[in-house]
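# Structure assessment
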Amino acid sequence: MTRLAVLGAGSWGTTFAQVLADAGNDVVLWARREEVAEEITEHHTNHSYLGEHELPASVTATSRIQDALDGAEGLVVAVPAQSLRATLSSWREQPGLASGLPAVPVLSLTKGIERGTDARISEVLIQAGAARQDLVGVLSGPNLSAEIADRRPCGTVVAAPSEELAGTFARWCDAPYLRAYTSTDVMGVEIAGAVKNVVAIAVGAASGLGHGHNTTASLITRGLAEITRLGVALGGTRETFAGLAGMGDLVATCASPLSRNHRLGLALGRGLSIEQAVAEVGQTAEGVATARAVADLAERLGVDMPITRSVVAVVDHGASIEQVTTALLSRSVRPE
Ligand SMILES: NC(=O)c1ccc[n+]([C@@H]2O[C@H](COP(=O)([O-])OP(=O)(O)OC[C@H]3O[C@@H](n4cnc5c(N)ncnc54)[C@H](O)[C@@H]3O)[C@@H](O)[C@H]2O)c1
Ligand SMILES: O=P(O)(O)OC[C@H](O)CO
C-alpha cells in the first residue's frame, strides 16, 4: 500500500483520490478550505464539486499541508494552473517546508499553461521547488471527472522522464475502471491536455452560435492540427497527439456537456460576456487563461494557431464570437 497525498480537492482532485483509493493506495487529500476537508473525512462527500457522490470511507482530507505531506511516498497535484505557483509558495512559509516539498515522485493532473511565464505545470513544479526533474510526471486523457467518479471505464496517459517512473504512476492509478498507458513524452502529453481546453471553447462557441456538426468536426480536426504543430515544435512526439492524450481528450472535451470549457464556449456563443460565462460555469475552465499563454508560445516559435488566436481575441480582447468560425475560413488556400 502506497501512501499518497492529493493536493487540491476540487472536482478532479477529489475524484482522483477515489481512483487512487480504489487502486489500493492509502490516500489523504489536501483541501484549501477546512470545511471541505471536514466534510470529506466525516461524511465522505464533497458537495461543492461532486454533489451527493459518496467517496470511499478510506479517503480522508486535511487543510493542513504538513499533515497531508506527512509520510507521503508520492504527491498528486490537482490545483488549477493559474493558482499553483502562489499555492506552492504559500506552503513554503509553513514550518518545515521552507526548502520545498519532500523528494518523492510527483504526478500533475493539472491541464493548463501558466500565464505570464508560459510555463507548463511540470516546469512550475520544478521551478517552485515542489518536484525534482527526474521525479515529475503528468497524467492526461479523456477524463471527465463526473464519469470517473461514477466508475465508468476509460483510458488515460501517464508520462514521465523514464518508463520506470511512468510505470510507478500507472500502478498508483490502477483502479478497475481506469487503464493508464505509459509514455515518456511529458511535453507532448502536457501540451495536448492544456491546448484541448482552448479548442473546446471554440467548439462550444460554434454550437452556441447555432452551427452544426460539420463546424464542430472541422474545428476539432483543425484544432488537433494546431495542437500537434505546437507540440512537435516544442519537442513533443507526433504520435502523442493521435492518442488518448491528444485526439482522445480533444473529442471528450469538445463533445461533452460535462466539460466546463465546452460549456463556457456555449455560453459565449449564446451571447454572454466572458465574465458572465465564467460566472455561469462556476468551476475552473482552464482554456480561458491558457489561451493567451498558448498563443504566446506559438508566436515565439512561429507556429500558426488560428483557432487559439480567435479564442484569445474573444476572451481577452472582447472580439465578436463569430471570430471562432472566421478562424476556420479566412485563411489563404493551402494544403491540409
Ligand atoms: N474536473 C475534471 O473533469 C478534470 C479532469 C482532468 C483534469 N482536470 C484539471 O484538473 C485541474 C483542477 O481542476 P478541477 O476540475 O479540480 O477544478 P475545480 O474548479 O473543480 O476545483 C478547483 C480547486 O482549486 C481550488 N482553488 C480555486 N481557486 C484557488 C486559488 N486561487 N488558489 C488555490 N486553490 C484554488 C478550489 O478550492 C478547488 O479545490 C485543472 O487543471 C483541470 O483542467 C479536471
Ligand atoms: O471540464 P473540463 O473542460 O475542464 O475538461 C475536463 C477534462 O479535462 C476532460 O478530459
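Since we're looking at a predicted model, the values are computed, not measured. (Residues numbered from 1 in each chain as written. Chains lettered and ligands numbered in written order. Predicted model: local features only at pLDDT ≥ 70, side-chain atom pairs only at ≥ 80, totals over all residues. Heavy atoms only, no water.)

## Comments concerning the sheet that holds strand β9 (residues 154-159)
- Spatially, 8 strands are ordered β3-β2-β1-β4-β5-β8-β9-β10 in an open sheet, and the strand pairing comes out mixed. Pairing within the sheet leaves two strands with one partner each, and these edge strands are β3 (60-62) and β10 (178-183). The mean angle between the axes of side-by-side strands here comes to 25 degrees, regardless of whether they run parallel or antiparallel.
- Both strand β2 (residues 26-30) and β3 contribute to a ladder of 3 bridges, which runs parallel. Within β3, the residue paired with Val 28 across the bridge is Thr 60.
- Packing of helix α2 (residues 34-43) onto the sheet brings it into contact with β2 and β3, and relative to β3 it is tilted by some 160 degrees. (Pairing = 2+ DSSP bridges. Helix = DSSP H or I, 4+ residues; strand = E, 2+ residues; numbered from the N terminus. Axes fitted to C-alpha atoms, helices over the stretch in contact; angles between N-to-C directions. Contact = heavy atoms within 4.5 Å.)

## Concerning the domain arrangement of the chain
- By the assigned domains, the chain splits into domain 1 (3-184) and domain 2 (191-329).
- For domain 1 versus domain 2, the distance between C-alpha centres works out to 25 Å.
- Overall, the association of domain 1 and domain 2 removes approximately 1,800 Å² of surface from exposure, summing both partners, and the carbon and sulfur fraction of that is 62%.
- Counting across the domain 1 and domain 2 interface gives 3 salt bridges.
- Counting every contact that joins domain 1 to domain 2 gives 8 residue pairs in polar contact (both at pLDDT 80 or more). (Domains from an automatic or database assignment. Buried area = accessible area lost by both parts, 1.4 Å probe. Salt bridge = Lys/Arg side-chain N within 4 Å of Asp/Glu carboxyl O. Polar contact = N/O pair within 3.5 Å; in protein donor to acceptor, adjacent residues only side chain to side chain.)

## Re the packing of aromatic side chains
- Enumeration over the complete set of coordinates arrives at 3 aromatic pairs.
- Relative to Phe 16, the ring of Trp 12 lies with its centre 5.3 Å away and its plane at 65 degrees, an arrangement referred to as edge-to-face. You can see Trp 12 and its partner Phe 16 sitting in helix α1 (residues 11-22), 4 residues apart, about one turn around the helix. The same class applies to Trp 12 and to Phe 16, which are both buried.
- Centre to centre, the rings of Trp 30 and Trp 91 are 5.0 Å apart; their planes meet at 85 degrees, and the pair counts as edge-to-face. Of this pair, Trp 30 sits in strand β2 while Trp 91 is found in helix α5 (residues 81-92), placing the two residues 61 residues apart along the sequence.
- Overall, Trp 30 belongs to the buried group, its relative accessible area being 7%.
- For the cation-ring pair, Arg 179 lies above Tyr 181, with the distance from its terminal atom to the ring centre recorded as 4.1 Å. (Phe/Tyr/Trp six-rings, centres within 6.5 Å; stacked < 30°, edge-to-face > 60°. Buried < 20%, exposed > 50% of the residue type's maximum accessible area, 1.4 Å probe, protein only. Lys NZ or Arg CZ within 6 Å of the ring centre and 35° of its normal.)

## Describing the nonpolar core
- Counting 45 residues, the largest nonpolar core has Leu 230, Leu 264 and Leu 268 as its most contacted members.
- Every residue in contact with Leu 230, bar those within four places of it in the chain, is listed here: Ile 191, Val 195, Val 294, Leu 297, Ala 298, Leu 301, Val 303 and Met 305. (Core = buried A, V, L, I, M, F, W, Y, C linked by side-chain atoms within 4.5 Å.)

## Looking at the layout of surface pockets
- The volume enclosed by the largest pocket comes to roughly 1,100 Å³.
- Along the wall of the largest pocket there are 45 residues; nearest its centre are Ser 11, Trp 12, Pro 80, Arg 260 and Thr 284.
- With 4 residues, helix α13 (residues 260-269) is the single largest residue contributor to the lining of the largest pocket. (1 Å grid on protein atoms, 1.4 Å probe; cavity = no way out; pocket = protein on both sides within 12 Å on 5 of 7 lines; lining within 4 Å. Points joined across faces, edges and corners; volume = space filled by probe spheres on them.)

## Regarding the site of ligand 2
- With respect to spatial proximity, 13 residues lie near ligand 2, and among them Lys 196, Asp 249, Ser 259, Arg 260 and Asn 261 are the closest.
- Residue Gly 141 places a main-chain N or O atom 3.1 Å away from an oxygen atom belonging to ligand 2.
- Interatomic distance of 2.6 Å between a side-chain N/O atom of Asp 249 and an oxygen atom of ligand 2.
- Compared with its free state, where it exposes 310 Å², ligand 2 has 92% of that area covered by protein. (Near = heavy atom within 4 Å. Areas by Shrake-Rupley, 256 points an atom, 1.4 Å probe, with all protein chains shown as cover.)

## What to know about the site of ligand 1
- Taken together, 20 residues sit near ligand 1, with Ser 11, Ser 145, Arg 260, Thr 284 and Glu 286 positioned nearest.
- Within the backbone of Gly 10, a nitrogen or oxygen atom sits 3.0 Å from an oxygen atom of ligand 1.
- Contacts to ligand 1 include Ser 145, whose backbone N or O atom sits 2.8 Å from an oxygen atom.
- When atoms are counted within 2 Å of each cavity's grid points, the one that captures over half of ligand 1 is the largest pocket.
- Among the elements of the structure, α1 and α5 are those that each provide at least two residues to the shell around ligand 1.
- By residue class, the composition of the shell around ligand 1 is 7 nonpolar, 9 polar and 4 charged. (Sits in = over half its atoms within 2 Å of the grid points. Nonpolar A, V, L, I, M, F, W, Y, C, P; charged D, E, K, R; others polar.)

## A closer look at the packing of helix α10 (residues 213-233) against helix α12 (residues 244-255)
- It is at 11 Å that the axes of α10 and α12 come closest, and there the two elements cross at 140 degrees. Taken together, the axes of α10 and α12 lie oblique to each other. In this structure, α10 crosses over α12, and the sense of that crossing is right-handed. Together, Ile 220, Gly 223, Leu 224 and Ile 227 of α10 and Gly 246, Met 247, Leu 250 and Cys 254 of α12 make up the contact between the two elements.
- Residues belonging to the contact of α10 with α12 are distributed by class as follows: 6 nonpolar, 2 polar and no charged. (Parallel < 35°, antiparallel > 145°, perpendicular 65-115°, else oblique. Left-handed = near helix turned anticlockwise from the far one by under 90°.)

## What to know about α12
- Three or more residues of α12 are buried, namely Ala 245, Gly 246, Asp 249, Leu 250, Ala 252, Thr 253 and Cys 254.
- Residues of α12 that are buried in the fold lie against β8 (136-140), β9, α9 (186-208), α10, α11 (238-242) and α13.

## Description of the UniProt feature "binding site: NADPH" (unreviewed entry) in the chain
- UniProt feature "binding site: NADPH" (unreviewed entry): in the numbering of this structure it lies at Ser 11, Trp 12, Arg 32, Arg 33, Tyr 49, Lys 111, Ser 145, Arg 260 and Glu 286. Lining of the largest cavity among the annotated residues: Lys 111.
- Those residues in contact with Trp 12 that sit more than four places away from it in its chain are Leu 109, Leu 139, Asn 143, Ser 145 and Ile 148.
- By relative accessible area, Tyr 49 is classed as partly exposed at 30%.
- Among all residues touching Tyr 49, those that are not within four sequence positions of it are Ala 9, Gly 10, Ser 11, Arg 33 and Gln 283. (UniProt positions renumbered as here; feature names shortened; annotations may be inferred.)

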